[in-house]
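# Coordinate inspection notes
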Amino acid sequence: MKRLSLLDGYRDAGLAQRLESKIKRLGEEIGRDLLIMHVCGSHEWTITHHGVRSLLPRSVEVRAGPGCPVCVTPAADIDAAVELALDGKTVLTYGDMSRARGSKQSLTEAKTLGADVRIVYSVHDAVKIAKSRPEREFVFFAVGFETTAPATAYEILQEPPPNLRFLTCYRYVPAAVEAVSRSPDLRVDGFINAGHASTITGMKAYKTCFDLCRKPMVFSGFEPLDVLISVAMILTQIRNDRPEMQNEYTRSVTWEGNLKAQKTMREVFDLRDGYWRGVAVIPNSGLDLKTKFSHLDAREHYKLTQEQQNADFVKDARCADVIIGKIDPPECPFYMKECMPASPLGPTMVSAEGTCKIWADHRIISAMSCRT
Amino acid sequence: MPAKVSMCLAFPGRVLTIDGDFARVDFGEGTVREGINVSLVEVKPEQYVLVHAGYAIQVMDEKEAQKTLSYWREILTYEEETNSSAR
C-alpha cells in the first residue's frame, strides 16, 4: 500500500525539525507575542493531530477561526430542515450536518421521531436517490463553503428531478476572513488561508481584504509540513515588515482559482449577506440561489418563514467565541464537562471540523497542554 | 479516503480512467473509487486531482509539490550553513 508520490516528503520529520528551528529563530528576532489565525477545520485537524503547536515557540499562537461549515449553519436553517423532515419530506444531507442541533433538535433526533433523514456523501447521491423515488418529495440540505457550492451548482444546471428541492446555506470564506481582520476584539497578526476554499476562488478573492488589512496571508496546504512552512512564511513577512499574499499550496491554489467552478457557481448563486451562527450577519458572505432557480428553492416552494431569532446556542455556552476564534475550547465552561463528543451541546463539538470536537478527540483538556 | 468524510476535507488522488463526466481515481494506500465527477475540471488520466465530496475541484501539479519542498530544503541549508559559519 503506497502513499501518493504527490505527497512524498510532506511528512519528513527531519525537514520538520529544521523548520521548527527556523520558526524559533524568527520568533526570537520578532520578540513579541503573535496570533496567527487559520480559517479551516481541516487545518485545525492537521495542526492538532500532528501536534504542530508543540513545535512552535510560546510566543507564536496558531488559533482556529471560522472554518467549520456545519458550525456556522444558523439554528434557524437547521430548524427549517427539521420541520420539513417532520412534515414528511425526505431530507438528505451530510453526516455531520444531521447531528448538529438547531434551536431544539437535530435531524438525527427528528429521525428517531419517525422522520426520513438520509446521509449522503455528495449532492450527486441526493440526485440519484430522488430520481429513484419519483413519488416522494426530497430536500437536499445543502451546506458548506465555496469548496462544496460548485458541485451543487453543477447538479442544479443539469436539471435535477422535479421532486428534489434545495435548502441552501452556503457561506463564502473571503468575507469571513475580512470580518475577522476588521474585528477589534481579535488582533490577528497573520492568516493561514484555507487551501481548499481558495483552490476554487483563487487568491484574487482575498485581494480586497488584504489591501484593507495589510496582514500577512499565506495560502496553505494540509500536510503538517505545509502548515510549518506557512508559519515560517508569515513570520518572515512580519520580521521583514513586508506583509504579502503568498502561496504555499502551489500544487493546488493559483491566483485565478478554478475558473470553471467559479463560472458554474456564479450561474446559480448570488452573493448576499449571510448570517454565521451566533457570530454576525457578514456582508457578501452567503451564496443564495438566483431567482431563476426559485422553483428548486425549498424556502420558496414550502413557504418557509425563517427568523434569525431562533436561539443559536445553549445559555452560557461559548460556541460563538470558539467559532470566531476569540477563545480556545477549554475556556468554555462546558467543554469536556457537560459538553463532550458523545453528548454535544453545540455544533463545534459535533462536526469533525469543529474545534471543540477536534480537541476533544485528541484529549486536549487545556489550551496549554497542546503546547510544549 | 477515510469512511468519515466531512465537508471541506479534500483528498488528492490520481486519475486512472475517465468515462464522460466520471473518473476512476486512485487515492493511494489501496483506495480506488469509481464515479468521481470531473466536470468542474479539465483533466487527463495520470494527472492528480483534488477530490471533495465526490467532485474533483482542481487538477494538482505534482511538480509544484516537489518544488515547494526543494525550495525550502535549499533555503534551510543555506541558512544553517550561514548560521554555523557565523558562530
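Only a predicted model underlies this, so the values are computations on that prediction, with no experimental measurement involved.

## With respect to the overall build of chain B
Summing up its helical and strand segments, chain B has one helix and five strands in all. Going from N to C terminus, chain B has its helices and strands arranged as β-β-β-β-β-α. By the burial criterion, 37% of the 87 residues in chain B qualify as buried. Contacts in chain B between residues at least 24 apart in sequence constitute 31% of all its contacts with a sequence separation of at least 6.

## Remarks on the sheet that holds strand β9 (residues 245–247) of chain A
Residues and elements named next belong to chain A. With parallel pairing, five strands are arranged side by side in an open sheet as β2-β1-β7-β8-β9. Edge positions in the sheet fall to β2 (60–64) and β9, since each has one partner strand and no second. Across the sheet, the mean angle separating the axes of adjacent strands is 25° when strand polarity is ignored. Contacts between helix α12 (residues 224–239) and the sheet are confined to β1 (34–38), β2, β7 (190–194), β8 (217–220) and β9, with β8 contributing the most and set at about 165° to the helix.

## Quick word on the interface of chain A and chain B
In this assembly, 43 residues from chain A lie in contact with 36 residues from chain B. Counting only elements with at least two residues in the side of chain A that touches chain B, the list comes to α1 (13–30), α2 (41–49), α3 (69–72), α8 (149–157), α10 (195–201) and α13 (259–268) of chain A. The dominant element in the side of chain A that touches chain B, judged by the number of residues it contributes, is α10 of chain A, at four residues. Its residues assigned to classes, the side of chain A that touches chain B shows 19 nonpolar, 15 polar and nine charged.

## Observations regarding the pairing of strand β2 (residues 22–26) of chain B
Residue and element names in this part refer to chain B. Side chains Ala23 and Val25 of β2 all project onto a buried face; the interleaved residues Phe22, Arg24 and Asp26 project onto a face where none is buried. Connecting the antiparallel pair strand β1 (residues 11–19) and β2 is a turn made up of two residues, with Gly20 showing a positive phi of about 65°. Sheet topology note: the β2/strand β3 (residues 32–37) ladder contains four bridges and is antiparallel. Among the inter-strand pairings, Asp26 is bridged to a residue of β3, identified as Val32. Here β2 folds back onto β3 in antiparallel fashion, the turn holding five residues, of which Gly28 has a positive phi close to 80°.

About the criteria used
- Residues numbered from 1 in each chain as written.
- Chains lettered and ligands numbered in written order.
- Predicted model: local features only at pLDDT ≥ 70, side-chain atom pairs only at ≥ 80, totals over all residues.
- Helix = DSSP H or I, 4+ residues; strand = E, 2+ residues; numbered from the N terminus.
- Buried ≥ 20, exposed ≤ 12 C-beta atoms within 10 Å, placed from the backbone.
- Contact = placed C-beta atoms within 7 Å.
- Pairing = 2+ DSSP bridges.
- Axes fitted to C-alpha atoms, helices over the stretch in contact; angles between N-to-C directions.
- Nonpolar A, V, L, I, M, F, W, Y, C, P; charged D, E, K, R; others polar.

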